[in-house]
Amino acid sequence: MLSFLAVALCLSACATVKRFTPDLPKLSMPSMPSLPAMPKFATLKKITRIIPGMPDSDKAASDDPQVPFNARGVLGFGHTLRIHVYEGSRSPDRVFNQVVMVDTSGVLDFGSIGSAKVGGGTLPQAVNAIATTFRVGMRLTRPVTVHIISVEDTPVVSINGDVLKDEFIPAWDEMTIKQAVTVAGGRKLGSTHHGVYLIREGVRRYFSTLDEADRDEPEPGDIIELSPDI
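Since this is a predicted model, take the numbers as computed values, not measurements.

**Student:** Explanation requested: the pairing of strand 7 (residues 167-170) in the structure shown.
**Tutor:** Looking along a regular strand, one sees side chains alternate from face to face of the sheet. Residue alternation in strand 7 divides its side chains into two sets, Glu167 and Ile169 and Phe168 and Pro170, and both sets are buried. Inspection of the sheet shows strand 6 (residues 154-161) paired to strand 7 by four bridges, in the antiparallel sense. Note on strand 7: the bridge partner recorded for Val156 is Pro170. Between strand 6 and the antiparallel strand that follows it, strand 7, lie five residues.

Here it is in structure tokens:
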């Protein structure tokens, strides 16, 4: 009997609350434009800028595992990155060139320079973390440019700036800058800018249009930056 009364009181209270709390409309999130699907890559570009004495494959140690890699995914334990870091913009100096693996804590260890937490983040986020680590750890005052040449032996190119979304894509043979930008989704909606920078080994080259930039074929590690103001 007591349990019946408790249920009845609960139902009555719920009904009272219902009268004074009208149904809220379902909120719909604005739809975001989706990125184009990755093309099927027949042949990936070969990495030719390997400094003598450095490994010719993305393997940081003998027990470095082979881990599946998705350029649009997140980094995790076992992902191995070939990284070049440059200081300066006019005559940049290379301050780092190594193959580094993400450890079990999701960290890239750069020895005395410091470490960068990249696990669970995307490659663009990893670049920001790495740049901060070098800027602070080496007390660099000039601009820092981080080139990720490859991940798990997959050569990659970075596209950022006035683009739909900063990202990395695999670099394939005979790719063009315009194709890379298209795969990344193109410029931001409504953008009227047209300038393009190609950053290679820390050196920036400017092109007034994508068509002009297409004279150069992107190489692994290149950064294609769509100018946000030109």
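There's plenty left to go through after this.
**Student:** Looking at this structure, how should I read the pattern of salt bridges?
**Tutor:** For side chains bearing opposite charge, pairing can occur when the charged atoms are close. In the structure shown here, the tally under the stated rule is 13 salt bridges. Close ionic contact of Glu219 with Lys45 constitutes a salt bridge, the shortest N to O distance being 3.9 Å. Of the two residues, Glu219 is situated in the loop between helix 4 (210-213) and strand 10 (223-226) and Lys45 in the loop between helix 1 (2-20) and strand 1 (80-87); the sequence distance between them amounts to 174 residues. A salt bridge links Arg49 to Glu201, with the shortest nitrogen-to-oxygen separation between them at 3.7 Å.

**Student:** What am I meant to see in the confidence of the model for the chain here?
**Tutor:** The predicted coordinates ought not to be read in detail in places where the model reports low pLDDT. With 82% of its residues at a pLDDT of at least 70, the chain reaches an overall mean of 86. Across residues 1-32 the pLDDT falls below 50, and counting only partners more than four positions away or on other chains, this stretch makes one contact in the model.

**Student:** Mind showing me how you'd approach the pairing of strand 8 (residues 196-200) here?
**Tutor:** Of all the five residues making up strand 8, four are buried; the element is thus mostly covered by neighbouring parts of the structure. Judged from the five bridges that link them, strand 8 and strand 9 (residues 203-207) form a sheet pairing that is antiparallel. Within strand 9, the residue paired with Val196 across the bridge is Phe207. As consecutive antiparallel partners, strand 8 and strand 9 are separated by two residues, and within that stretch Glu201 has a phi angle of approximately 50°, a positive value. Where strand 8 and strand 10 come together, four bridges link them in antiparallel fashion. Residue pairing in the sheet places Val196 in a bridge with Leu226 of strand 10.

**Student:** Would you take a moment to explain the nonpolar core for this structure?
**Tutor:** Generally speaking, nonpolar side chains in soluble globular proteins are found buried as a group. By size, the foremost hydrophobic cluster in this structure holds 25 residues, and its most contacted members are Leu81, Ile83, Leu108, Phe110, Ile130, Val146 and Ile148. Going through the elements one at a time, strand 1, strand 2 (93-101), helix 2 (123-137) and strand 5 (144-151) are the ones with two or more residues in this core. Here the element with the most residues in this core is helix 2; it accounts for six residues. The residues contacting Leu108, other than those within four sequence positions of it, are Leu81, Ile83, Val100, Met101, Val102, Gly114, Ser115, Ala116, Val118 and Ile130. Ile159, Ala171, Trp172 and Met175 belong to the second-largest nonpolar core, a separate cluster that totals 18 residues.

**Student:** Mind showing me how you'd approach the layout of surface pockets here?
**Tutor:** A probe as big as a water molecule, rolled over the atoms, marks out the empty space that is left. Each pocket or cavity is described by its volume, and for the largest pocket that value is around 410 Å³. As for the largest pocket, its lining consists of 21 residues, and the residues nearest its centre are Val127, Asn128, Asn160, Ile223 and Glu225. Looking at the lining of the largest pocket, the elements with two or more residues in it are helix 2, strand 5, strand 6, strand 7 and strand 10. Looking at which element gives the most residues to the lining of the largest pocket, the answer is helix 2, with four residues. A class-by-class count of the residues in the lining of the largest pocket yields ten nonpolar, seven polar and four charged.

Reading guide: rules and limits
Residues numbered from 1 in each chain as written. Predicted model: local features only at pLDDT ≥ 70, side-chain atom pairs only at ≥ 80, totals over all residues. Heavy atoms only, no water. Buried < 20%, exposed > 50% of the residue type's maximum accessible area, 1.4 Å probe, protein only. Helix = DSSP H or I, 4+ residues; strand = E, 2+ residues; numbered from the N terminus. Pairing = 2+ DSSP bridges. Salt bridge = Lys/Arg side-chain N within 4 Å of Asp/Glu carboxyl O. pLDDT = per-residue confidence, 0-100. Contact = heavy atoms within 4.5 Å. Core = buried A, V, L, I, M, F, W, Y, C linked by side-chain atoms within 4.5 Å. 1 Å grid on protein atoms, 1.4 Å probe; cavity = no way out; pocket = protein on both sides within 12 Å on 5 of 7 lines; lining within 4 Å. Points joined across faces, edges and corners; volume = space filled by probe spheres on them. Nonpolar A, V, L, I, M, F, W, Y, C, P; charged D, E, K, R; others polar.

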